Amino acid sequence: GIQVEQSPPDLILQEGANSTLRCNFSDSVNNLQWFHQNPWGQLINLFYIPSGTKQNGRLSATTVATERYSLLYISSSQTTDSGVYFCAVEGTTDSWGKFQFGAGTQVVVTP
Amino acid sequence: DAGITQSPRYKITETGRQVTLMCHQTWSHSYMFWYRQDLGHGLRLIYYSAAADITDKGEVPDGYVVSRSKTENFPLTLESATRSQTSVYFCASSVGGTRTARDTQYFGPGTRLTVL
């Protein structure tokens, strides 16, 4: 199946800083999503982005499908951005619905 | 509008017992998923379902059974629980199969299961 690697594994930011999280995948994808897991465990979808660029407030994401990577940008970080960010993909050679998650990037934003 | 719910939220059981985790969604989504989350492994897909009566194995299906007789429910059963099945279990749903943003997955709050 498709392999997903996220980097960096951990990130410590001061409030107000910008950061970039990366997701590399080993094969073509039908579906790529970014999720945020808050410190209470809830998983929230941030972007559905198998290709192209999207923005939502201070967050934006870009997927370059031909080069098999996706980037999540956090600008002007706030303490509420703390948590784990996951990338999840569904490969074109896999059955629809067979998602593979990356190991995540743990983000800590300090005041 | 409840969205997607899981029950119980916390469960302690003993090795060898049967346990069923419930998942219910109110959106009439076609696709439903079960994941487990363990330290060091991220989220791993156990089973998924494209519609009522259609289920398929994910990455780690051994020791689990699912059924989906109704679109809104997707129970996960551990037939004989083992300590290695101690984990946090998440259910998710999506419209699925559209190759649009409607394929976004929405997650339930999770069930923390401890097998003694």
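Just so it is clear, the model here is predicted, and its values are computed rather than measured.

1. Details of the layout of surface pockets
- The volume enclosed by the largest pocket comes to roughly 720 Å³.
- Taken together, 34 residues make up the lining of the largest pocket; nearest its centre are Q37 and G41 of chain A together with Q37, V88 and R112 of chain B.
- Mapped by element, the contributors of at least two residues to the lining of the largest pocket are β9 (83-91) and β11 (105-110) of chain A together with β4 (31-38), β9 (87-94) and β11 (111-115) of chain B.
- The class makeup of the residues in the lining of the largest pocket is 13 nonpolar, 18 polar and three charged.
- In this structure, the second largest pocket spans a volume of roughly 200 Å³.
- Taken together, G1, I2, Q3, V4, E5, D94, K98, F99 and Q100 of chain A together with L45, G58 and E59 of chain B form the lining of the second largest pocket.
- Of all elements in the fold, only β1 (4-7) and β10 (99-101) of chain A reach the threshold of two or more residues within the lining of the second largest pocket.

2. Re the nonpolar core
- Ranked by size, the top nonpolar core spans 22 residues in total, and within it L21, W34, L72 and V89 of chain A carry the most contacts.
- Apart from the residues within four sequence positions on either side, V89 of chain A is in contact with I2, V4, F25, V29, N31, L32, K98, F99 and Q100 of chain A.
- Formed by 19 residues, the second largest nonpolar core is a distinct cluster that contains Y47, L76, L78 and V115 of chain B.

3. A word on the side chain of D103 of chain B
- Take D103 of chain B: it is sitting in the loop between β9 and β10 (106-107).
- For D103 of chain B, the side chain forms a polar contact with the main-chain nitrogen of G96 of chain B, separated by 3.2 Å.
- Apart from residues lying up to four places away in sequence, D103 of chain B is in contact with N31, Q33 and Y48 of chain A together with S94, V95, G96, G97 and T98 of chain B.

4. Digging into the state of the cysteines
Residues and elements named next belong to chain B.
- Following the criterion strictly, the structure yields two disulfides over all chains and no others.
- Disulfide pairing is shown between C23 and C91; the S-S distance is 1.8 Å. Linking C23 and C91, the disulfide has an S-S dihedral of approximately -75° and is accordingly described as left-handed. Placement of C23 in strand β3 (residues 19-25) and of C91 in strand β9 is noted, with a sequence separation of 68 residues between them.

5. Considering the pairing of strand β4 (residues 29-37) of chain A
Residues and elements named next belong to chain A.
- Of all nine residues in β4, nine are buried; the element is thus mostly enclosed.
- The pairing of β4 with β9 spans eight bridges and is classified as antiparallel. Note that in β9 the partner of F35 across the bridge is F86.
- Both β4 and strand β5 (residues 43-48) contribute to a ladder of five bridges, which runs antiparallel.

6. Focus: the sheet that holds strand β8 (residues 69-74) of chain A
Residues and elements named next belong to chain A.
- If you trace the five strands from one edge of the open sheet to the other, you get β1-β3-β8-β7-β6, paired in antiparallel fashion. At either end of the open sheet lies a strand with only one pairing partner, and these are β1 and β6 (52-56). The mean angle between the axes of side-by-side strands here comes to 15°, regardless of whether they run parallel or antiparallel.
- Relative to β8, strand β3 (residues 19-25) is paired through six bridges, and the arrangement is antiparallel. If you follow L21 over to β8, its bridge partner there is L72.

7. Things to note about unusual backbone geometry
- Here S7 of chain A and P8 of chain A are connected by a cis peptide whose omega angle stands at -10°.
- In this structure, P8 of chain A sits in the loop between β1 and β2 (10-14).
- A cis amide bond links S7 of chain B to the next residue, P8 of chain B, at an omega of -10°.
- Mapping P8 of chain B onto the fold places it in the loop between β1 (4-7) and β2 (10-13).
- Even without glycine at this site, S76 of chain A takes up a positive phi of about 45°.
- Tracing the backbone through its elements, the reader meets S76 of chain A in the loop between β8 and β9.

Rules used in this analysis
- Residues numbered from 1 in each chain as written.
- Chains lettered and ligands numbered in written order.
- Predicted model: local features only at pLDDT ≥ 70, side-chain atom pairs only at ≥ 80, totals over all residues.
- Heavy atoms only, no water.
- 1 Å grid on protein atoms, 1.4 Å probe; cavity = no way out; pocket = protein on both sides within 12 Å on 5 of 7 lines; lining within 4 Å.
- Points joined across faces, edges and corners; volume = space filled by probe spheres on them.
- Helix = DSSP H or I, 4+ residues; strand = E, 2+ residues; numbered from the N terminus.
- Nonpolar A, V, L, I, M, F, W, Y, C, P; charged D, E, K, R; others polar.
- Core = buried A, V, L, I, M, F, W, Y, C linked by side-chain atoms within 4.5 Å.
- Buried < 20%, exposed > 50% of the residue type's maximum accessible area, 1.4 Å probe, protein only.
- Contact = heavy atoms within 4.5 Å.
- Polar contact = N/O pair within 3.5 Å; in protein donor to acceptor, adjacent residues only side chain to side chain.
- Disulfide = S-S within 2.5 Å.
- Pairing = 2+ DSSP bridges.
- Axes fitted to C-alpha atoms, helices over the stretch in contact; angles between N-to-C directions.

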